[in-house]
Amino acid sequence: MNALNKRYLQRCLVLAAAMLALSGPVRAVEPAESLELAVEAATMPSEVEDWQRLLVNGSNPLPEDFAVELATLENGMKADKRICADLSAMLRDCRAVGLKPKICSAYRDAATQTRLHKNKIARLHAAGLGREEAEREAARWVAVPGTSEHQTGLALDLVSANYQYLNEKQAETPEQQWLMAHSWEYGFILRYPTDKSEITGIGYEPWHYRYVGRPLAEALHESGLCLEEYLAMPAAVTARVKEKPEIPASPFIPLNSYLTTVKSCVMTIS
């Protein structure tokens, strides 16, 4: 918007505010509680279901009563049955362009996650790390039991059939390049990107994909945020809303107060 258009919009808004005020009392804005709902609705796609935005990490362990209905995948592994249709479509389309994606890990029960976590600690300890340091480092690569997305049935490790090592070179394979570019179209996100490790608490894993559903995957793709950041966004915005001065008890706002509010909005636009 150029400067001329901005000035014109400012004058129109102030004039409209004056006309409204002179024609009758102006209703007060909604309280912060209603604004909180409006903010969340504006930031979270309406089609997203609660299970799709489930957050599981070191600070948010699985609920004690968590249960999942599993389905068997093409290689005998299991995953939440609700992700299977989109997963099949994604793998099919990836293979249609001549690539060879392979599922190397899917749902894990608590016993499996515990075994993998203990093995990681033992390897790091054997490599020379102290016990506490080994436990901290292990948690960056193999989640503590109860905090792993693999236990939700919504997460998968996908690799190239031609390169099945879980290291950063996995990102250079044609399969990962395709998945990173297109997985969001099928409801999946690269859960632990290289620039979000401090937020997710997990090191870069260019093979770990999480199903969040197509609407939320698209929103995350467009925003560039990781799941933790995106889910925290409504609360962050709402906190700022609640910091505003209390609304007057009267159901009407005086003309001067209303014009001040409108001018403030105009300054934000400019």
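Rules and cut-offs
- Residues numbered from 1 in each chain as written.
- Predicted model: local features only at pLDDT ≥ 70, side-chain atom pairs only at ≥ 80, totals over all residues.
- Heavy atoms only, no water.
- Axes fitted to C-alpha atoms, helices over the stretch in contact; angles between N-to-C directions.
- Helix = DSSP H or I, 4+ residues; strand = E, 2+ residues; numbered from the N terminus.
- Parallel < 35°, antiparallel > 145°, perpendicular 65-115°, else oblique.
- Left-handed = near helix turned anticlockwise from the far one by under 90°.
- Contact = heavy atoms within 4.5 Å.
- Core = buried A, V, L, I, M, F, W, Y, C linked by side-chain atoms within 4.5 Å.
- Buried < 20%, exposed > 50% of the residue type's maximum accessible area, 1.4 Å probe, protein only.
- Pairing = 2+ DSSP bridges.
- Expected span 1.5 Å × (residues − 1).

Let's talk about the packing of helix α4 (residues 110-126) against helix α5 (residues 131-139)
No. 1: Two elements in contact, α4 and α5, have axes separated by 8 Å at closest approach and are oriented at 130°. Between α4 and α5, the angle falls in the class oblique. In this structure, the crossing between α4 and α5 has a hand that is right-handed. Note on element contacts: α5 touches α4 through R131, A134, E135, E137 and A138, opposite H117, K120, I121, L124 and H125.

A few points about the nonpolar core
No. 1: Within the largest apolar cluster, 22 residues are counted, with the highest numbers of intra-cluster contacts made by L156 and F188.
No. 2: In terms of residue count, the dominant contributor to this core is helix α3 (residues 84-96) (6 residues).
No. 3: Apart from the residues within four sequence positions on either side, F188 is in contact with I83, D86, L87, M90, L156, S183, Y209, R210, Y211 and A217.
No. 4: Formed by 10 residues, the second largest nonpolar core is a distinct cluster that contains V48, V212, L216 and A217.

Remarks on the sheet that holds strand β7 (residues 208-211)
Either a parallel or an antiparallel arrangement is found when strands of a sheet pair, and the pairing is made through backbone hydrogen bonds.
No. 1: If you trace the 4 strands from one edge of the open sheet to the other, you get β4-β5-β7-β6, paired in antiparallel fashion. Every interior strand has two partners, whereas the edge strands, β4 (101-105) and β6 (188-190), have only one. The sheet shows a mean angle of 40° between the axes of neighbouring strands, direction not considered.
No. 2: Looking at chain direction, strand β5 (residues 155-160) and β7 are connected through 3 bridges and run antiparallel. Paired with A155 across the strands is R210, a residue of β7.
No. 3: Running over the sheet, helix α6 (residues 174-182) touches β4, β5, β6 and β7 and is turned about 140° from β5.

So, α3
Since the α-helix packs 3.6 residues into each turn, any two residues three or four apart lie on the same face.
No. 1: Taking 1.5 Å of rise per residue, the 13 residues of α3 would be expected to cover 18 Å, and the 18 Å separating its terminal C-alpha atoms lies within 8% of that figure.
No. 2: Taken together, the buried positions of α3 are C84, D86, L87, A89, M90, L91 and C94.

Quick notes on the pairing of β7
No. 1: The two faces of β7 match: H208 and R210 on one face and Y209 and Y211 on the other face are all buried.
No. 2: Bridge analysis of β6 against β7 gives 3 bridges, and the strand direction is antiparallel. Note that in β7 the partner of I189 across the bridge is R210.

Describing the environment of D50
No. 1: Its place among the elements puts D50 in the loop between α2 (32-43) and β2 (70-72).
No. 2: Residue D50 is classed as exposed on the basis of its relative accessible area of 62%.
No. 3: Along the backbone, D50 and V212 are 162 residues apart, and their C-alpha atoms lie at a distance of 9.7 Å.

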